[in-house]
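What follows is each chain in one-letter form.
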Amino acid sequence: MKRDLKILILEDTPSDAELVELALKKGGINFTSTRVETREAFERELDAFAPDAVLSDYNLPRFNGMEALRIFVKKGMHIPFILITGALPEEKAAECIREGMDDYLLKSNLSRLPSALGNALDKKNAEQQRKETLRHLRKSEERYRGLVASSTDPIVSVNEKRDIVQWNKAATKTFGYSEDEAMGKPVDILVPEEYGQRHIEGFNRFLETGERRLIGKTVEIKGRKKDGHIIPVELSLSVLRGESGMLFTAIIRDISERKEKEEKMAIYVEELERFQKATINREFRMKEIREENKRLKEKIGELEKKP
């Protein structure tokens, strides 16, 4: 629990406020406090005193705990508000809870106050941490969506049902489907028919076993465009586990030009190998011809020398 707390006490009876302070001290809580009993003083001290918690009586001469709670909520305070009262009907207590009160207890049971305050502080801290986490996640999501939208490579995300849940402009350029046409459709529309069943079986196997051999790796597969044209693509897959299940995101690259270059290069390499082989054979043949020519000239020379 946070120590050296600043506690604002809304109470018109000084002796009751002293009993509240005594209960906190017995609970081992270090604090400073200020007591108010009017609306004006309460509103002023919420800003000037900047409390870590509010402990409020329900019935005051010209003010009550419900009004104080509504002022508190309207200001957007993220600190505990605990009602301490002599008596409170169940329906009033339920109304206070609905309005945003963290807890309530009777003045006859102040021994519970330290634990109630500690629980309320822990709850508020947890809520604040969740809000901070969500804020960071939203910022990260905004940056991520910006990167996805501006990416020159198609980025497609699908859920566990294989439905497309994210589609960028580059995906439209590559596959021909508009975002409206693609969103919510099975990712099977991008898979050639001859690979369809194998794709479904592999996807289901991953969900059942968590097989990760393709995660984070770059693989070459075939993709199908809206017009039915089959293209070679390079794909890198990532998986994110969230509250709604797994999200599969693929960064895709159309490698048609590269594959065409590779095919042409293979043809050129084959032609070069044939040329080199023919050249070697021709040189070998020329060597044989030169040797045979030399042998025949030698024979002719021998015959000329004979009488």
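Note that this is a predicted model, so its numbers are computed, not measured.

Right, let's get into the pairing of strand 3 (residues 53–56). Because side chains alternate across strand 3, one face comprises the buried residues Ala 53 and Leu 55, and the other comprises Val 54 and Ser 56, equally buried. Direction of pairing for strand 1 (residues 5–10) relative to strand 3: parallel, over a ladder of four bridges. Of the residues in strand 3, the one forming a bridge with Ile 7 is Ala 53. In the sheet, strand 3 pairs with strand 4 (residues 81–85) via three bridges, with the strands oriented parallel. When the sheet's bridge partners are listed, Ser 56 is paired in strand 4 with Leu 83. Note that the unit made of strand 3, helix 3 (residues 65–74) and strand 4 has a crossover that is right-handed.

So, on to the nonpolar core. Membership of the largest hydrophobic core comes to 23 residues, with the highest contact counts inside it found for Phe 42, Val 54 and Phe 81. Of all the secondary structure elements, the ones that give two or more residues to this core are strand 1, helix 2 (39–48), helix 3, strand 4 and helix 4 (90–99). No other element matches the five residues that helix 3 contributes to this core. Setting aside residues up to four positions removed in sequence, Phe 42 forms contacts with Leu 8, Leu 10, Val 36, Val 54, Phe 63, Ala 68, Ile 71 and Phe 81.

The next subject is the sheet that holds strand 5 (residues 103–106). Strand order in the open sheet formed by five strands is 2-1-3-4-5, with parallel pairing between adjacent strands. Either end of the sheet is taken by a strand with one partner, and the two such strands are strand 2 (31–36) and strand 5. Direction aside, neighbouring strands of the sheet carry axes that sit 20 degrees apart on average. In this sheet, strand 2 lies alongside strand 1 in parallel orientation, the contact comprising six bridges. In the strand pairing of strand 2, Ile 7 is matched with Ser 33. Against the sheet, helix 3 contacts strand 1, strand 3 and strand 4, and its axis sits at roughly 175 degrees relative to strand 4.

Below, the discussion takes up the packing of helix 2 against helix 3. Between helix 2 and helix 3, whose axes approach to 11 Å, the crossing angle comes to 30 degrees. One finds that helix 2 runs roughly parallel with respect to helix 3. As helix 2 runs across helix 3, the sense of the crossing is right-handed. Facing Arg 39, Phe 42, Glu 43 and Leu 46 of helix 2, the residues of helix 3 in contact are Glu 67, Ala 68, Ile 71 and Phe 72. Looking at side-chain class alone, the contact of helix 2 with helix 3 contains five nonpolar, no polar and three charged residues.

This paragraph deals with the environment of Ser 238. Locating Ser 238 in the fold gives a position in strand 9 (residues 230–242). Taking relative accessible area as the criterion, Ser 238 reaches 38% and is therefore assigned partly exposed. Taking the C-alpha atoms as reference, Ser 238 lies 5.9 Å from Phe 248; in sequence the two are 10 residues apart.

To continue, consider the packing of aromatic side chains. Counted by the stated rule, this structure contains three aromatic pairs. Geometrically, the ring pair formed by Phe 42 and Phe 63 is tilted, given 6.1 Å between the ring centres and 55 degrees between the ring planes. Of the two residues, Phe 42 is situated in helix 2 and Phe 63 in the loop between strand 3 and helix 3; the sequence distance between them amounts to 21 residues. Across the pair, exposure class does not vary: Phe 42 and Phe 63 are buried alike. Residue placement shows Lys 6 over the ring face of Phe 49; its charged tip is 5.2 Å from the ring centre.

On to the pattern of salt bridges. Inspection of every chain in the model, using the stated rule, returns 22 salt bridges. Across the salt bridge formed by Arg 258 and Glu 262, the nearest N and O atoms sit 3.6 Å from each other. A residue pair is termed a helical-turn pair when its members lie 3 or 4 positions apart in one helix, as Arg 258 and Glu 262 do in helix 9 (residues 256–305) at four residues. Of the residues examined, Arg 258 reaches a relative accessible area of 32% and is grouped as partly exposed. Under the relative-accessibility criterion, Glu 262 is labelled partly exposed at 37%. Of the charged contacts in the structure, one is a salt bridge between Glu 260 and Lys 264, with a shortest N-O distance of 3.6 Å. Placement of the pair is Glu 260 and Lys 264 together in helix 9, with a separation of four residues, close to one helical turn.

Thresholds applied
- Residues numbered from 1 in each chain as written.
- Predicted model: local features only at pLDDT ≥ 70, side-chain atom pairs only at ≥ 80, totals over all residues.
- Heavy atoms only, no water.
- Buried < 20%, exposed > 50% of the residue type's maximum accessible area, 1.4 Å probe, protein only.
- Helix = DSSP H or I, 4+ residues; strand = E, 2+ residues; numbered from the N terminus.
- Pairing = 2+ DSSP bridges.
- Right-handed = clockwise from strand over helix to strand, strands pointing away.
- Core = buried A, V, L, I, M, F, W, Y, C linked by side-chain atoms within 4.5 Å.
- Contact = heavy atoms within 4.5 Å.
- Axes fitted to C-alpha atoms, helices over the stretch in contact; angles between N-to-C directions.
- Parallel < 35°, antiparallel > 145°, perpendicular 65-115°, else oblique.
- Left-handed = near helix turned anticlockwise from the far one by under 90°.
- Nonpolar A, V, L, I, M, F, W, Y, C, P; charged D, E, K, R; others polar.
- Phe/Tyr/Trp six-rings, centres within 6.5 Å; stacked < 30°, edge-to-face > 60°.
- Lys NZ or Arg CZ within 6 Å of the ring centre and 35° of its normal.
- Salt bridge = Lys/Arg side-chain N within 4 Å of Asp/Glu carboxyl O.

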